[in-house]
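Structural overview for review
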Amino acid sequence: MNTENKFIPNDYIQNITDGKFSWSAPSNIALVKYWGKKNNQIPANPSVSFTLKNCKTITELAFSKRDQSTSNDNAISNFSFDLLFEGKLKEDFKPKIEKFFERIEIYLPFLKEYHFSINTQNTFPHSSGIASSASGMAALALNLMSVEKLLNPAMSDNYFFQKASFLARLGSGSACRSVKGKVVVWGNHQEFSDSSDLFGVEFPNTIHINFKNYQDTILLVDKGEKQVSSTVGHDLMHEHPFAEKRFLQAHANLSKLKTVLENGDLQQFIEIVESEALTLHAMMMTSLPYFILMKPNTLQILNTIWKYRNETKIPVCFTLDAGANVHVLYPENVKDQVFQFIKDELVCFCQNGHYICDEIGDGALQIL
Ligand code: DP6
């Protein structure tokens, strides 16, 4: 049964007054992009990502039972939580969490019974232009699942992580790919029998050794606020003239990438991944309103990568998010050469010379 209903819990067995958990959840980088969604955070097409290792959010969740008697009508009608970012109260993050709680309350009926203190921090700078919504929502969802597991200790690990991904998706679509490693598929696809629009699943087959510890150096070209929020961005696909063809292409690219991840064909990998990145930006350039999210330095980087690859035949490629930053992807066995190339020829295009070194990771970890 792959419907939302399986995530509505039966009555809880335990009565718990307070407690504290902490989880770290990583960011992820999509290879086949999620761009366009239907109601309730259902993706318009399936996507696949590498889970990262170093870029992560660490969230601590303390909870304590609220006093029902202080409420007027005996039924507590609001959520109660504090939100701290790096130890300081952060009022402007609260509406997003409030909305998240509203969306997931039916799946976590205990939410209004507790006061929560959420203390969150990222391992990457907040102003780096790296979205923390994926790692942040995944870390929060995992903490909330730890609370639910206390209330219902019989819960299986499989259900725990599947529901964490399901809840994270309701906070931010790509967050459902930030629970597990190393490669995660989200969205129904006919060649992945367990795939679902409701949560991410681990890539089911053996991944070729060429992708072991695959490197991702994130070049920070523009660290400013996002020019297009993801909500606005996904909406652009609704009346988009190329939408249907794009969604079909994502299915086809995921099929091809499935084979490539198994057979290790890096030339094919590069072709699919770079084409996906450019298609994402092409969708933004051809929607109404239209946007160009690359900066001149983004293009400089892409051209320099192509030149280097042509000259050296080293299989380094790029992918992009909905912004100007560039993720440089390359195998571990050429790490030293490529990193030297990045320092010599690409870092000059980064804002203040900033970049982040990352690689494929194993998924979220419970700290407490
Ligand atoms: C370009 O997951 O941030 O990074 O569901 O509205 O929170 P919401 O969107 P979000 O979109 C990510 C889009 C992307 C591609 C991807 O990660 O697949």
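Here, every reference points to the structure presented above.
Bear in mind that the values here come from a model prediction, so they are computed numbers and not experimental data.

Some details on the site of the ligand
Taken together, 15 residues are adjacent to the ligand, and Tyr34, Lys37, Ser172, Gly173 and Ser174 come closest. The side chain of Arg177 places a nitrogen or oxygen atom 2.7 Å from an oxygen atom of the ligand. The side chain of His234 places a nitrogen or oxygen atom 3.0 Å from an oxygen atom of the ligand. Contact with the protein chains removes 92% of the 460 Å² of surface that the ligand exposes when unbound.

Description of the packing of aromatic side chains
Tallied over the entire structure, the rule returns 27 aromatic pairs. Measuring from ring centre to ring centre gives 5.7 Å for Phe50 and Tyr214, while their planes differ by 55°; the resulting arrangement is tilted. Separated by 164 residues along the polypeptide, Phe50 in strand 4 (residues 47-65) and Tyr214 in the loop between strand 9 (200-202) and strand 10 (215-219) bring together distant segments of the chain. Across the pair, exposure class does not vary: Phe50 and Tyr214 are buried alike. Seen in terms of ring centroids, Phe211 and Phe269 are 5.0 Å apart; in terms of plane orientation they differ by 55°. Their pairing is tilted. With Phe211 in the loop between strand 9 and strand 10 and Phe269 in helix 6 (residues 266-285), the pair connects residues that are 58 residues apart, well separated along the chain. In this pair, the class of Phe211 matches that of Phe269, namely buried. Here Lys112 stacks its cationic end above the ring of Phe79, 4.9 Å away from the centre of that ring.

Here's the deal with the environment of His126
The topology assignment puts His126 in the loop between strand 7 (114-122) and helix 2 (133-151). It is 9.1 Å that separates the C-alpha atoms of His126 and Lys223, two residues lying 97 residues apart in sequence. Ignoring anything within four residues of it in the chain, the contact list for His126 reads Phe85 and Phe93.

Thoughts on the side chain of Ser174
Tracing the sequence through the fold places Ser174 in the loop between helix 3 (157-171) and strand 8 (183-186). The class of Ser174 is buried, set by a relative accessible area of 19%. Discounting chain neighbours no more than four positions away, the residues touching Ser174 are Asn28, Tyr34, Ala134 and Trp186.

Focus on the environment of Asn10
Topologically, Asn10 is positioned in the segment before strand 1 (18-32). Separated by 97 residues in sequence, Asn10 and Tyr107 place their C-alpha atoms 10.0 Å apart.

A short note on the packing of helix 1 (residues 94-104) against helix 3
One way to put it is that helix 1 packs onto helix 3 with a least axis distance of 9 Å and a crossing angle of 130°. One finds that helix 1 runs oblique with respect to helix 3. For the element pair helix 1 and helix 3, the recorded crossing hand is right-handed. Counting all contacts with helix 1, which are made through Phe100, Arg103 and Ile104, the residues of helix 3 involved are Leu167, Leu170 and Gly171.

A short note on a positive patch on the surface
A cluster of basic residues, Lys96, Lys99, Arg103 and Lys226, forms a positive patch on the protein surface. On the secondary structure map, Lys226 appears in the loop between strand 10 and helix 4 (230-235).

A short note on the side chain of Gln215
If you trace the backbone, Gln215 turns up in strand 10. Taking the relative accessible area as the measure of exposure, Gln215 reaches 5% and is therefore buried. Among the polar contacts made by the side chain of Gln215, one reaches the side chain of Glu359 at a distance of 3.4 Å. Not counting residues within four places of it along the chain, the set of residues in contact with Gln215 comprises Val328, Leu329, Tyr330, Pro331, Glu332, Lys335, Asp358 and Glu359.

Comments concerning the pairing of strand 5 (residues 80-85)
Of all the six residues making up strand 5, five are buried; the element is thus mostly covered by neighbouring parts of the structure. With six bridges connecting them, strand 5 and strand 7 associate as parallel partners. Paired with Phe85 across the two strands is Thr120, which belongs to strand 7. One ladder, built from two bridges, connects strand 5 with strand 6 (residues 88-89); its direction is antiparallel. Residue pairing across strands places Phe85 opposite Lys88, the latter belonging to strand 6. Two successive antiparallel strands, strand 5 and strand 6, enclose a turn made up of two residues, where Glu86 displays a positive phi of approximately 50°.

Rules behind the numbers
Residues numbered from 1 in each chain as written. Predicted model: local features only at pLDDT ≥ 70, side-chain atom pairs only at ≥ 80, totals over all residues. Heavy atoms only, no water. Near = heavy atom within 4 Å. Polar contact = N/O pair within 3.5 Å; in protein donor to acceptor, adjacent residues only side chain to side chain. Areas by Shrake-Rupley, 256 points an atom, 1.4 Å probe, with all protein chains shown as cover. Phe/Tyr/Trp six-rings, centres within 6.5 Å; stacked < 30°, edge-to-face > 60°. Helix = DSSP H or I, 4+ residues; strand = E, 2+ residues; numbered from the N terminus. Buried < 20%, exposed > 50% of the residue type's maximum accessible area, 1.4 Å probe, protein only. Lys NZ or Arg CZ within 6 Å of the ring centre and 35° of its normal. Contact = heavy atoms within 4.5 Å. Axes fitted to C-alpha atoms, helices over the stretch in contact; angles between N-to-C directions. Parallel < 35°, antiparallel > 145°, perpendicular 65-115°, else oblique. Left-handed = near helix turned anticlockwise from the far one by under 90°. Patch = residues over 30% accessible without salt bridge, like charges linked within 9 Å, V, L, I, M, F, W, Y side chains within 5 Å. Salt bridge = Lys/Arg side-chain N within 4 Å of Asp/Glu carboxyl O. Lys, Arg positive; Asp, Glu negative; His and termini not counted. Charge placed at Lys NZ, Arg CZ, Asp CG, Glu CD. Pairing = 2+ DSSP bridges.

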